[in-house]
Amino acid sequence: MDRLAQLQQFIGKEFDQSPSPFMKWLNPIVLSAKEGQLEFQYTVRPEWLNPIGNLHGGVTAAIVDDIIGATMFSLNENSFITTINNVIDYFSTAKENDNIVAETKIIKRGKQFVNAQCEIWNADKTRLIARGTSNLFKINN
């Protein structure tokens, strides 16, 4: 089974078969999966909060990095794709037990480099929490 099909079999469920232990810890629910586009839902947990009770920026950055990595998985490329950089803009907050939705898309898919974007929204997508972009590099195995 190809990697995109693996993601698609988890639509509506927790993605507990990820090869990434970190993604298993984040515990996303797959909402949609297309080649180069994913949508995952997360529930903000107490250990994800900063001292004033908002979603910690580092966790937000980790979600961006992790789901963009899964987006690279969805491309079914034979090469390993690694992150070169992440740039994240923070616009709003989320609180404990809030559901948040992360959506990805490929901006540019070249022979060696990929540029991808992730937006994190509140559950009904009326409030943008953060937007991140990443440049990634293909490493031939």
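The rules behind the values
- Residues numbered from 1 in each chain as written.
- Predicted model: local features only at pLDDT ≥ 70, side-chain atom pairs only at ≥ 80, totals over all residues.
- Heavy atoms only, no water.
- UniProt positions renumbered as here; feature names shortened; annotations may be inferred.
- Helix = DSSP H or I, 4+ residues; strand = E, 2+ residues; numbered from the N terminus.
- Salt bridge = Lys/Arg side-chain N within 4 Å of Asp/Glu carboxyl O.
- Buried < 20%, exposed > 50% of the residue type's maximum accessible area, 1.4 Å probe, protein only.
- Phe/Tyr/Trp six-rings, centres within 6.5 Å; stacked < 30°, edge-to-face > 60°.
- Lys NZ or Arg CZ within 6 Å of the ring centre and 35° of its normal.

Looking at an unreviewed UniProt entry, one finds the protein chain named Acyl-coenzyme A thioesterase 13, with Chryseobacterium rhizoplanae as its source organism. According to its UniProt record, the protein chain has this under Sequence similarities (unreviewed entry): "Belongs to the thioesterase PaaI family."

Colleague: Give a description of the UniProt feature "domain: Thioesterase" (unreviewed entry) in the protein chain that names residues and reports values.
Modeller: Within this numbering scheme, the UniProt entry marks residues 53-126 as carrying the feature "domain: Thioesterase" (unreviewed entry). Helix makes up 24% of residues 53-126 and strand 43%, with an end-to-end C-alpha separation of 21 Å.

Colleague: Can you break down the pattern of salt bridges residue by residue, with the values?
Modeller: Tallied over the full model, the rule gives seven salt bridges. Its salt-bridge partner being Lys138, residue Glu77 comes within 3.2 Å of it at the nearest N-O pair. With a gap of 61 residues between them, Glu77 in the loop between α3 (57-74) and β3 (80-90) and Lys138 in strand β6 (residues 128-139) connect regions that are remote in the sequence. The pair formed by Glu77 and Lys138 is uniform in burial state, with each residue classed as buried. Glu119 serves as the salt-bridge partner of Arg131, at 2.8 Å between the closest nitrogen and oxygen. In this pair, Arg131 sits in strand β6 while Glu119 sits in strand β5 (residues 113-122), placing the two residues twelve residues apart along the sequence.

Colleague: Describe the packing of aromatic side chains, naming the residues involved and giving the relevant values.
Modeller: Scanning all chains against the criterion turns up six aromatic pairs. Look at Trp25 and Trp48: their rings are 6.1 Å apart centre to centre, the planes differ by 50 degrees, and that puts the pair in the tilted class. Of this pair, Trp25 sits in helix α2 (residues 21-26) while Trp48 sits in the loop between β2 (37-43) and α3, placing them 23 residues apart in sequence. Accessibility expressed as a relative area gives 38% for Trp25, which makes it partly exposed. Between Phe113 and Phe137, the aromatic rings sit 5.3 Å apart at their centres with planes inclined by 50 degrees, giving tilted as the arrangement. Residue Phe113 is located in strand β5, and its partner Phe137 is located in strand β6; the two are separated by 24 residues in the primary sequence. What links up through ring pairs into an aromatic cluster is the set Phe10, Phe15, Phe40 and Tyr42. Sitting over the face of the ring of Phe73, Arg3 holds its NZ or CZ atom 5.7 Å from the ring centroid. Against the face of Trp25 rests Arg45, its NZ or CZ located 4.8 Å from the ring centre.

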